[in-house]
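# Chain and residue survey
Take a look at the letters that make up each chain.
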Number of protein chains: 2
Amino acid sequence: MEDKGLLIVVSGPAGVGKGTLCKRLFAECGDLEYSISVTTRAPRPGETEGKEYYFRSRDQFLKMVENNEFLEWAEFCGNLYGTPRFHVESVLKRNKTILLEIDMQGAKIVKKAFPDGVFIFIVPPSLEELAERLYGRGTETPEVMQRRLAQAVLEMKNMKDYDYAVENDEIGTAVEKLKSIMIAEKCRVSSKP
Amino acid sequence: MEDKGLLIVVSGPAGVGKGTLCKRLFAECGDLEYSISVTTRAPRPGETEGKEYYFRSRDQFLKMVENNEFLEWAEFCGNLYGTPRFHVESVLKRNKTILLEIDMQGAKIVKKAFPDGVFIFIVPPSLEELAERLYGRGTETPEVMQRRLAQAVLEMKNMKDYDYAVENDEIGTAVEKLKSIMIAEKCRVSSKP
């Protein structure tokens, strides 16, 4: 049996820890390719161009939108985020696995373009913990935090549109679950004729 | 999130090694419950009553059929095999995972009763290897072997009715894949409203 390409989409409420999870998953899975997003938000301390994100000005970003270079893009808390289309398509053509870590609006749009993708929802252990994590990060204003928490509550209702839900209570356990999902999905019998 | 009960059905052509795989899976997964089948075939050397099978006479078996005690039962190469219903249902009620290792006729019937079960098809690395395994076992007559091989060729076409296909090329790898499927399925978002 040949290995098939997989599009894995990891999403969930902001602050749920999906970035940390995906970083660790990427470090542990040698054959996993990562999609790096383009954003107009300012780099956080320690973030590097082309590693966590491609940082672009709003004008540059909108030019890329015009050229249809994004698989999905969205405005989130005043900043633009987008997934470059070319890289995703080329990885899948090579029958490799690519991981997108995107917000839930983006996941919805990607699902329309790639209904066969594997959509994973990262669940916070509790809303209390989610709030703590968002405040603890200390990189945004309280107003942004409040908006994010309210959005998280709404977003939890969208879990039903996902294939899997992984609770991020303990990072090691959550990463093992993500790896298992990838292995299992490679064994999945195609539902197409 | 609460753990949910899972019915795992492992099936595939005779001689594909599903018995060995499931034995190892069972040894490595403490929380997995095993369903022991009832059969009218004679015990093979080393097989113990109540461990590999419950060995019953044809009359005793047919009495159980009459009493509706089987989830599925079938005649296979002149012997009767059946899955006792009670144990499966009680395990699922306790939200535990139970594994059935059954032939493909049985899997088809169980799928009707439990469409939400997880159906895994074990694939032989090649038909040549399957023939070698069947002959190598040396426990059956050449005629039985030939019938089994012919049946295996037909049965491969039913793979499309399964959720997963796991190639049994290397037992360690195959067991890891089965474990991953179980972990992933526990994360699956229910498709029911």
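Calculation rules
Residues numbered from 1 in each chain as written. Chains lettered and ligands numbered in written order. Predicted model: local features only at pLDDT ≥ 70, side-chain atom pairs only at ≥ 80, totals over all residues. Heavy atoms only, no water. Buried < 20%, exposed > 50% of the residue type's maximum accessible area, 1.4 Å probe, protein only. Helix = DSSP H or I, 4+ residues; strand = E, 2+ residues; numbered from the N terminus. Pairing = 2+ DSSP bridges. Phe/Tyr/Trp six-rings, centres within 6.5 Å; stacked < 30°, edge-to-face > 60°. Lys NZ or Arg CZ within 6 Å of the ring centre and 35° of its normal. Contact = heavy atoms within 4.5 Å. Buried area = accessible area lost by both parts, 1.4 Å probe. Salt bridge = Lys/Arg side-chain N within 4 Å of Asp/Glu carboxyl O. Nonpolar A, V, L, I, M, F, W, Y, C, P; charged D, E, K, R; others polar. Axes fitted to C-alpha atoms, helices over the stretch in contact; angles between N-to-C directions. Least-squares fit on C-alpha atoms with pLDDT ≥ 70 in both.

## Notes on the pairing of strand β1 (residues 6-11) of chain B
All names here are of chain B. With 6 of 6 residues buried, β1 is to be regarded as a mostly interior element. Burial of β1 is two-sided: the residues L6, I8 and V10 facing one way and the residues L7, V9 and S11 facing the other way are all buried. Relative to strand β8 (residues 118-123), β1 runs parallel, the two being bridged by 4 bridges. Across the sheet, residue I8 finds its bridge partner in β8, namely V118.

## Description of the packing of aromatic side chains
All names here are of chain A. Counted under the stated rule, the structure contains 12 aromatic pairs over all chains. Ring geometry for Y53 versus F55: centroids 5.9 Å apart, planes at 55 degrees, classification tilted. No difference in accessibility class separates Y53 from F55, as the two residues are buried. Taken together, a centroid distance of 4.5 Å and an interplanar angle of 25 degrees make the contact between F61 and F70 stacked. The class of F70 is buried, set by a relative accessible area of 4%. Here the aromatic cluster, defined as three or more aromatic residues joined through ring pairs, consists of Y53, F55 and Y81. Positioned above the aromatic ring of F119 is the side chain of K111, whose terminal nitrogen or guanidinium carbon lies 5.6 Å from the ring centre.

## Regarding the interface of chain A and chain B
Taken together, the contact between chain A and chain B spans 19 residues of the former and 19 residues of the latter. The contact between chain A and chain B buries some 1,700 Å² in all, and 64% of this surface belongs to carbon and sulfur atoms. Our count for the contact surface shared by chain A and chain B stands at 2 salt bridges. Across the pair B:E185 and A:R188 runs a salt bridge whose closest N-O atoms are separated by 3.4 Å. Among the elements that line the side of chain A that touches chain B, the one with the most residues is helix α7 (residues 171-187) of chain A, at 7 residues. Classifying every residue of the side of chain A that touches chain B gives 12 nonpolar, 1 polar and 6 charged.

## Brief notes about the sheet that holds β8(B)
Residue and element names in this part refer to chain B. On the basis of which strands lie adjacent, the open sheet formed by 5 strands has the order β2-β7-β1-β8-β9 and parallel pairing. On the outer flanks of this sheet lie β2 (32-34) and β9 (164-167), each paired with one strand and no other. Here the average twist between neighbouring strands, direction ignored, is 25 degrees. The sheet contact formed by β1 and strand β7 (residues 97-101) spans 5 bridges and is parallel. Bridge pairing in β7 places I8 opposite L99. Against the sheet, helix α3 (residues 85-93) engages β1, β2 and β7, with an angle of about 150 degrees to β7. Against the sheet, helix α7 (residues 171-187) engages β1, β2, β7, β8 and β9, with an angle of about 160 degrees to β9.

## Notes on the sheet that holds strand β8 (residues 118-123) of chain A
Residue and element names in this part refer to chain A. The sheet built from 5 strands is open, its strands ordered β2-β7-β1-β8-β9 with parallel pairing. The sheet terminates laterally at β2 (32-34) and β9 (164-167), the two strands that pair on one side only. For this sheet the average axis-to-axis angle between neighbouring strands, irrespective of direction, equals 25 degrees. Where β8 lies against β9, 4 bridges are found, and the strand directions are parallel. Looking at the pairing, I120 lines up with Y164 of β9. The strands touched by helix α3 (residues 85-93) are β1 (6-11), β2 and β7 (97-101); relative to β7, the strand with the most contacts, the crossing angle is about 150 degrees. Relative to β1, helix α4 (residues 104-113) is tilted by about 155 degrees, and along the sheet it contacts β1, β7 and β8.

## Thoughts on the pattern of salt bridges
All names here are of chain A. Under the criterion given, the structure shown has 20 salt bridges over all chains. Note that K160 is salt-bridged to D161, the shortest N-O span being 3.7 Å. Taking relative accessible area as the criterion, K160 reaches 59% and is therefore assigned exposed. Given the relative accessible area of 33%, D161 is considered partly exposed.

## Some words on the relation of the copies chain A and chain B
The operation relating chain A to chain B is a screw motion whose rotation component is 180 degrees, with 0.0 Å of axial translation and a residual RMSD of 0.0 Å. The operation mapping one copy onto its partner corresponds to a two-fold rotation axis. If distances are taken from each C-alpha of chain A to the rotation axis, the shortest is found for A:S180, at 2.1 Å. Same-surface contact between copies: 100% of interface residues of chain A are shared with the interface of chain B.

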